[in-house]
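# Structural overview
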Amino acid sequence: MKSFKSTKAEGYIVPCVFVLIFAMIFAMIFTYSASISKVEIMRENTKVVLDSFVTQNSTEIYNSIKQGNDYTEVIDADEFRNELISFCTLETETGMLYSIDTDGQELFHITEPTLSFREENELELVVNYTLSIPIWFAGNEIPAVNIPLEVTSVLTEKF
């Protein structure tokens, strides 16, 4: 049996450094994709709630269409906000809506959603808010990513 002359393990330094670099790159990609996933899920949830809200108010909107225009006077933004809070299980605090996981950690928060008409008193409804995602990497909090979102819903006739 042959014995090794050097037992310092100098040959393992380079592979260990490469493994650490690849692990950091993988962790960054995973963090980025998790953040993008949160944005897309919140956008889809808002779209579902807004479409539902438009459908619930469709009688008033349909009556205005029967009159020959798509004029709608008032939309109850508080009702939409309450439906969004209920559907997405958000918590309200200091003018923000927070999503909290089962461990009590903040997943993200959004500003108060603003419900408005795309054009004055027209049929298209638009919701604007800013989604803020806190990012943790290597045990440190990186400044939150703020993403402005706009979701639109339109009632169309099925005739």
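Thresholds, definitions, all that
Residues numbered from 1 in each chain as written. Predicted model: local features only at pLDDT ≥ 70, side-chain atom pairs only at ≥ 80, totals over all residues. Heavy atoms only, no water. Helix = DSSP H or I, 4+ residues; strand = E, 2+ residues; numbered from the N terminus. Buried < 20%, exposed > 50% of the residue type's maximum accessible area, 1.4 Å probe, protein only. Areas by Shrake-Rupley, 256 points an atom, 1.4 Å probe, with all protein chains shown as cover. Axes fitted to C-alpha atoms, helices over the stretch in contact; angles between N-to-C directions. Parallel < 35°, antiparallel > 145°, perpendicular 65-115°, else oblique. Left-handed = near helix turned anticlockwise from the far one by under 90°. Contact = heavy atoms within 4.5 Å. Nonpolar A, V, L, I, M, F, W, Y, C, P; charged D, E, K, R; others polar. Pairing = 2+ DSSP bridges. Salt bridge = Lys/Arg side-chain N within 4 Å of Asp/Glu carboxyl O. Polar contact = N/O pair within 3.5 Å; in protein donor to acceptor, adjacent residues only side chain to side chain.

### Quick word on the overall build of the chain
Across its full length, the chain holds three helices and six strands. In the chain, the succession of helices and strands from N to C terminus is α-α-α-β-β-β-β-β-β. Within the chain, the fraction of its 159 residues that count as buried is 28%. When the accessible surface of the chain is summed, it comes to about 11100 Å², and 58% of that surface belongs to carbon and sulfur atoms.

### Here's the deal with the packing of helix α1 (residues 13-56) against helix α3 (residues 77-88)
Taken N-terminus to C-terminus, the directions of α1 and α3 make an angle of 135°; their axes are 10 Å apart at the nearest point. When the interaxial angle is binned, α1 and α3 end up oblique. Between α1 and α3 lies a crossing whose hand is right-handed. Facing α1, whose interface residues are M42, N45, T46, V48, V49, L50, S52, F53 and Q56, α3 presents E79, F80, E83, L84, F87 and C88. Of the residues contributing to the contact of α1 with α3, the split by class is nine nonpolar, four polar and two charged.

### Examining the pairing of strand β3 (residues 106-111)
On a regular strand, one side chain projects to one face of the sheet and the next to the other, so that they alternate. Inspection of the sheet shows strand β2 (residues 96-100) paired to β3 by five bridges, in the antiparallel sense. Bridge pairing in β3 places Y98 opposite H109. Counting the residues in the hairpin turn of β2 and β3 gives five residues, including G104, whose phi is positive at 90°. Taken together, the two bridges between β3 and strand β5 (residues 125-137) define a ladder with antiparallel strand orientation. Pairing of I110 across the sheet is with L131, part of β5.

### Examining the pattern of salt bridges
Per the stated rule, a full pass over the model turns up three salt bridges. Between R43 and E40 there is a salt bridge; the shortest N-O distance is 3.9 Å. Here E40 and R43 lie together in helix α1, a separation of three residues that amounts to about one turn. Residue E40 is classed as partly exposed on the basis of its relative accessible area of 39%. In this structure, R81 and E112 form a salt bridge, with 2.5 Å as the shortest nitrogen-oxygen distance. Taken together, the residues span a long stretch of sequence, with R81 in helix α3 and E112 in the loop between β3 and β4 (114-117) at a distance of 31 residues.

### Re the environment of S132
Note on placement: S132 falls in strand β5. Beyond its immediate sequence surroundings of up to four residues, S132 is in contact with E106, F108, H109, A144, V145 and N146. For S132, the side chain forms a polar contact with the side chain of N146, separated by 2.9 Å.

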